[in-house]
Amino acid sequence: MLAIIGGSGLTKLGSMEVTQRRVARTPYGEPSGALTFGRIRAAEVVFLARHGYGHTIAPHEVNYRANLWALKDAGADAVISVASVGAIRGAIAPGALVLPHQVIDYTWGRRSTYFEGPGAPVTHVDFTEPYSAPLRSRILKAAREASETVIDKGVYAATQGPRLETAAEIDRLERDGADLVGMTGMPEAVLAREISLEYAALAVVANYAAGRGESEHAVPLDRIGAVLEEAMGRVRRIIEKLCET
Ligand code: HPA
């Protein structure tokens, strides 16, 4: 079963025929909200709003371990994570959809592994390629079939938030090789890897990152809502197409 984690701007999927909502409990606490089960086209899917259905949970407060565990426990084998980001490189503009292929983790103080605590075995997962290649291919194919443009590849920088970055921090991320910046990409991706969930992120560019383009002096937060609303329509079409095949 396919799981979809919706980020800012995506708290429900209009085309989903909902069959059940279930509050899940996990050894790691409570997920961000009830799991929503249903069908999109022919496919069984489960949906979870990362920040809660009322968008009340900040990126650094999301219980990523509970979210991924609950989805796996519910029978998910693959996760598409929809996440809004800022664009660092000029060629990527607000409204663009990007399928990152790499991540750099700048977050701190988050519970970022299942392998800790008394009795847990010391375990090192391979994370050379943080996103599932087969799932990325499926998303790219669905986007092509839906005639929606998705930029293939990008380096995602995961920052702690909840504040946005300074212009100098964005310069540093660019020097590090990052194309996109967001606050939720980690530890979500590695937790999925630890429990063998196929995982890919579909990044929705909400704004130019601090110091870039029209964000030269400030990120225009009041405009982000409209950008995301339009872009999420395209995300929904891609997911629908993916669910047809
Ligand atoms: N920075 C970090 N996270 C974000 C941004 C940003 O500019 N836009 C959307 N999520």
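Structure shown above.
The shown structure was predicted, so the numbers you read here are calculated from the model rather than taken from an experiment. (Residues numbered from 1 in each chain as written. Predicted model: local features only at pLDDT ≥ 70, side-chain atom pairs only at ≥ 80, totals over all residues. Heavy atoms only, no water.)

Participant: How should the packing of helix 2 (residues 133–145) against helix 5 (residues 221–244) be read in this particular structure?
Facilitator: Two quantities define a packed helix pair, namely the angle between the axes and the distance from one axis to the other. Look at helix 2 against helix 5: their axes get within 8 Å of each other, and the N-to-C directions meet at 110 degrees. In terms of axis orientation, helix 2 runs roughly perpendicular to helix 5. Note on element contacts: helix 5 touches helix 2 through Ile238, Lys241 and Leu242, opposite Arg138, Ile139, Ala142, Ala143 and Glu145. When grouped by side-chain class, the residues that make up the contact of helix 2 with helix 5 number five nonpolar, no polar and three charged. (Axes fitted to C-alpha atoms, helices over the stretch in contact; angles between N-to-C directions. Helix = DSSP H or I, 4+ residues; strand = E, 2+ residues; numbered from the N terminus. Parallel < 35°, antiparallel > 145°, perpendicular 65-115°, else oblique. Contact = heavy atoms within 4.5 Å. Nonpolar A, V, L, I, M, F, W, Y, C, P; charged D, E, K, R; others polar.)

Participant: What should I look at first to understand the environment of Ala192 in this one?
Facilitator: Residue position: Ala192 is located in helix 4 (residues 188–194). Owing to a relative accessible area of 0%, Ala192 belongs among the buried residues under this scheme. Residues Ala192 and Val79, spaced 113 residues apart in sequence, show a C-alpha to C-alpha distance of 8.1 Å. Residue contacts for Ala192: discarding those within four places in its chain leaves Leu68, Leu197 and Tyr199. (Buried < 20%, exposed > 50% of the residue type's maximum accessible area, 1.4 Å probe, protein only.)

Participant: Just checking my understanding: could you explain the site of the ligand for this structure?
Facilitator: Taken together, Ser84, Val85, Gly86, Leu164, Glu165, Val181, Gly182, Met183 and Asn207 are the residues near the ligand. Contacts to the ligand include Ser84, whose backbone N or O atom sits 3.4 Å from a nitrogen atom. At 2.7 Å from a nitrogen atom of the ligand is found a side-chain nitrogen or oxygen belonging to Asn207. With the chains in place, 93% of the 260 Å² that the ligand exposes on its own is no longer accessible. With respect to the pocket detection grid, the ligand is positioned in the largest pocket. Taken together, the elements giving at least two residues each to the shell around the ligand come down to strand 5 (78–87) and strand 10 (180–182). The greatest single-element share of the shell around the ligand, amounting to three residues, is contributed by strand 5. Of the residues that constitute the shell around the ligand, the class distribution is four nonpolar, four polar and one charged. (Near = heavy atom within 4 Å. Polar contact = N/O pair within 3.5 Å; in protein donor to acceptor, adjacent residues only side chain to side chain. Areas by Shrake-Rupley, 256 points an atom, 1.4 Å probe, with all protein chains shown as cover. 1 Å grid on protein atoms, 1.4 Å probe; cavity = no way out; pocket = protein on both sides within 12 Å on 5 of 7 lines; lining within 4 Å. Sits in = over half its atoms within 2 Å of the grid points.)

Participant: Help me understand the environment of Leu164, please; the structure alone is not making it clear to me.
Facilitator: Structurally, Leu164 is set in the loop between strand 9 (155–158) and helix 3 (167–176). Each C-alpha atom of the pair Leu164 and Ala218 lies 9.8 Å from the other, and the pair is 54 residues apart in sequence. When near neighbours in sequence (up to four residues on either side) are disregarded, Leu164 contacts Met183, Val219 and Leu221.

Participant: Before we go on, may I ask you to explain the pattern of salt bridges in this structure?
Facilitator: Tallying each qualifying case throughout the model produces 19 salt bridges. Taking the shortest distance from any N to any O, the salt bridge between Asp171 and Arg212 comes out at 2.9 Å. One end of the pair, Asp171, is in helix 3; the other, Arg212, is in the loop between strand 11 (198–208) and helix 5, and 41 residues separate them in sequence. The class of Asp171 is partly exposed, set by a relative accessible area of 33%. (Salt bridge = Lys/Arg side-chain N within 4 Å of Asp/Glu carboxyl O.)

Participant: So what exactly am I meant to see when it comes to the layout of surface pockets here?
Facilitator: Where empty space is left can be seen by rolling a probe of water-molecule size over the atoms. Each pocket or cavity is described by its volume, and for the largest pocket that value is around 420 Å³. Around the largest pocket sit 27 residues that line it, and Ser8, Pro59, Ser84, Leu164 and Met183 are the ones nearest its centre. Of all the secondary structure elements, the ones that give two or more residues to the lining of the largest pocket are strand 5, strand 10, strand 11 and helix 5. Looking at side-chain class alone, the lining of the largest pocket contains 15 nonpolar, ten polar and two charged residues. By volume, the second largest pocket amounts to about 190 Å³. If you go around the second largest pocket, the residues you meet are Tyr106, Thr159, Gln160, Gly161, Arg163, Leu164, Glu165, Glu169, Arg172 and Leu173. For the lining of the second largest pocket, the per-class residue count stands at three nonpolar, three polar and four charged. (Points joined across faces, edges and corners; volume = space filled by probe spheres on them.)

Participant: Just to check I follow, could you spell out the nonpolar core for this structure?
Facilitator: In globular proteins that are soluble, nonpolar side chains generally tend to be buried together. Ile4, Val82 and Ile139 are the most contacted members of the largest nonpolar core, which has 45 residues in total. Per-element accounting of this core gives the leading share, nine residues, to helix 5. Every residue in contact with Val82, bar those within four places of it in the chain, is listed here: Ile4, Ile5, Gly6, Gly7, Leu10, Arg50, Leu202, Val204, Met232, Val235 and Ile239. Ala3, Ala74, Val98 and Val190 belong to the second-largest nonpolar core, a separate cluster that totals 37 residues. (Core = buried A, V, L, I, M, F, W, Y, C linked by side-chain atoms within 4.5 Å.)

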